[in-house]
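Descriptive analysis of the structure
In case you want the letters, here they are:
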Amino acid sequence: PLMSRYTWLLDAGHGGIIDGIYQTAGKRSPNFPDGSVLYEGEFNRAVVKQVLKLSRSKFCGDPNIKIIDILDGSREDIPLRQRISIANKIHKEENNCIFVSVHANAFGNGKEFNQAKGGCTFHHYKSSKGKKLAESLQKHLADITPLRDRGIRSNDTWANFYVLRKTHMPAVLSENGFMTNFDDATALLDPGVRRQIAAAHWGMIQEIEKNGL
C-alpha cells in the first residue's frame, strides 16, 4: 500500500531479562535437563523485535506500514494497566490502530512438563474485527510454524484477558505454544522457530493491510 491503513501496536507480554535477572515471577518453563529455562517475557520480546526487523527488511518489508513497539524496547515488567493506557493514548492520536499482544502459554502448576501443546489466537468475543485478525494470524501460524494448530478462541469462553477487554481498538493475543510442554518449549528456544512465529505475525499484518478489516 502507498500508505498504512492502520498503526500496529505490538505488545511483548510480561517482563524481560535485565542484568541477568528475569523481571516476572513465574511465566517461565520448567528446568530443562541441561538446566536451561525458557522465559516467556524474553521470548515475547524476541518475536516483537523480529517482526519489527521483518517490516524493515529490503526483501519482505514494507516501509509504508506503521508498526510501534508500545514498550519501546523496555525489558521492565510494565503493568497491564499502563500498557493499555499507552496503547489507547496512541490510538486516540493515530485513530486507526490495531493491538497485537505476543505470549506463550502454560498449563498446570508450571513446574513440570506436560502434554498440553500448540498455539492459538484469542480475540474479544464481541469484536468481529478482532475475530478476523485472529483468523488471519492463526492461519499464518498454522502454515508457517511447527506448533500444533489449536485454532482461535474468544475471551468469554477461555480466558478473560485484560488486553482484549480494555483496548479501544481491534485486538488479538497470540499464545505461541506451551512453555510447559517439552517439545513446544524446545521449539520456542530455537531462533529459527522464533523467526517463523514472527513471520506469521508479519504475514497477518501484510494481509490485513492489503485487504482491510
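These notes cover the structure that comes with them. (Residues numbered from 1 in each chain as written. Predicted model: local features only at pLDDT ≥ 70, side-chain atom pairs only at ≥ 80, totals over all residues. Heavy atoms only, no water.)

1. Quick notes on helix α3 (residues 128-144)
An α-helical segment advances 3.6 residues per turn. Residues three or four places apart therefore align on the same side. For the record, the criterion: Note on conventions: DSSP H or I runs of at least 4 residues are helices, E runs of at least 2 residues are strands, and numbering of each starts at the N terminus. A helix is expected to span 1.5 Å for every residue after the first. Think of it in three bands: residues with accessible area under 20% of the maximum for their type are buried, residues over 50% are exposed, and the middle band is partly exposed, with areas taken using a 1.4 Å probe on protein chains only. The contact criterion used throughout is that any non-hydrogen atoms of two residues lie within 4.5 Å.
Compared with the 24 Å implied by 1.5 Å per residue over 17 residues, the 24 Å span of α3 between its first and last C-alpha is a close match. For α3, the complete set of buried residues consists of Gly130, Leu133, Ala134, Ser136, Leu137, Gln138, His140 and Leu141. Those residues of α3 that are buried lie in contact with β1 (7-12), β5 (97-105), β6 (119-123), β7 (149-154), β8 (171-178) and α6 (191-211).

2. Quick word on the side chain of Asp11
Note the following rule: Here a polar contact is taken to be a pair of N or O atoms separated by no more than 3.5 Å, where protein atoms must pair a possible hydrogen donor with a possible acceptor and residues adjacent in sequence count only if both atoms sit in side chains.
As for its position among the elements, Asp11 is in strand β1. A distance of 2.6 Å separates a polar atom in the side chain of Asp11 from a polar atom in the side chain of Ser101. Those residues within four positions of Asp11 in sequence are excluded, and the remaining contacts are Val48, Ile70, Leu71, Arg83, Phe99, Val100, Ser101, Val102 and Val163.

3. Digging into the packing of α3 against α6
When two helices pack together, their arrangement is given by the angle between the helix axes and by the axis-to-axis distance. We count it as follows: An axis is simply a line fitted to the C-alpha atoms; with a helix, the fit covers only the stretch in contact. Between two such axes, the angle follows the N-to-C directions and lies from 0 to 180 degrees. Relative orientations are named as follows: roughly parallel for angles under 35 degrees, roughly antiparallel for angles over 145 degrees, roughly perpendicular for angles from 65 to 115 degrees, and oblique for any other angle. Each crossing gets its hand from how the near helix is turned against the far one by less than a right angle, where anticlockwise is left-handed and clockwise is right-handed. Residue polarity follows a fixed list, in which Ala, Val, Leu, Ile, Met, Phe, Trp, Tyr, Cys and Pro are nonpolar, Asp, Glu, Lys and Arg are charged, and the others, Gly among them, are polar.
Between α3 and α6, the least distance of the axes is 8 Å, while the angle of their chain directions is 140°. Here α6 runs oblique to α3, going by the angle between their axes. The two elements α3 and α6 meet at a crossing, and its hand is right-handed. When α3 is examined against α6, the residues Leu133, Ser136, Leu137, Lys139, His140, Leu141 and Ile144 are found in contact with a partner set consisting of Gln196, Ile197, Ala199, Ala200, His201, Gly203, Met204, Glu207 and Ile208. Taken together, the residues of the contact of α3 with α6 break down into 9 nonpolar, 5 polar and 2 charged.

4. Topic: unusual backbone geometry
In the Ramachandran plot, Asp19 falls in the positive-phi region, its phi being about 50° despite a non-glycine side chain. Along the chain, Asp19 falls in the loop between β2 (17-18) and β3 (21-22). On the basis of relative accessibility, which here comes to 76%, the residue Asp19 falls in the exposed class. Look at Lys27: it is not a glycine, yet its phi comes out positive at around 50°. For Lys27, the location among the structural elements is in the loop between β3 and α1 (40-55).

5. Some words on the sheet that holds β8
Hydrogen bonds between backbone groups are what pair the strands of a sheet, and the pairing can be parallel or antiparallel. The criterion, for reference: If DSSP finds at least two bridges between two strands, the strands pair.
Read across the open sheet, the 6 strands follow the order β4-β1-β5-β8-β6-β7; overall the sheet is mixed. Where the open sheet ends on each side, the last strands, each with one partner, are β4 (66-69) and β7. Sheet twist, expressed as the average angle between the axes of neighbouring strands with direction ignored, equals 20°. Relative to β4, β1 runs parallel, the two sharing 4 bridges. Note on β4: the bridge partner recorded for Leu9 is Ile68. Those strands touched by α3 are β1, β5, β6, β7 and β8, and its axis lies near 170° from that of β6.

Keep in mind these values describe shape, not function.
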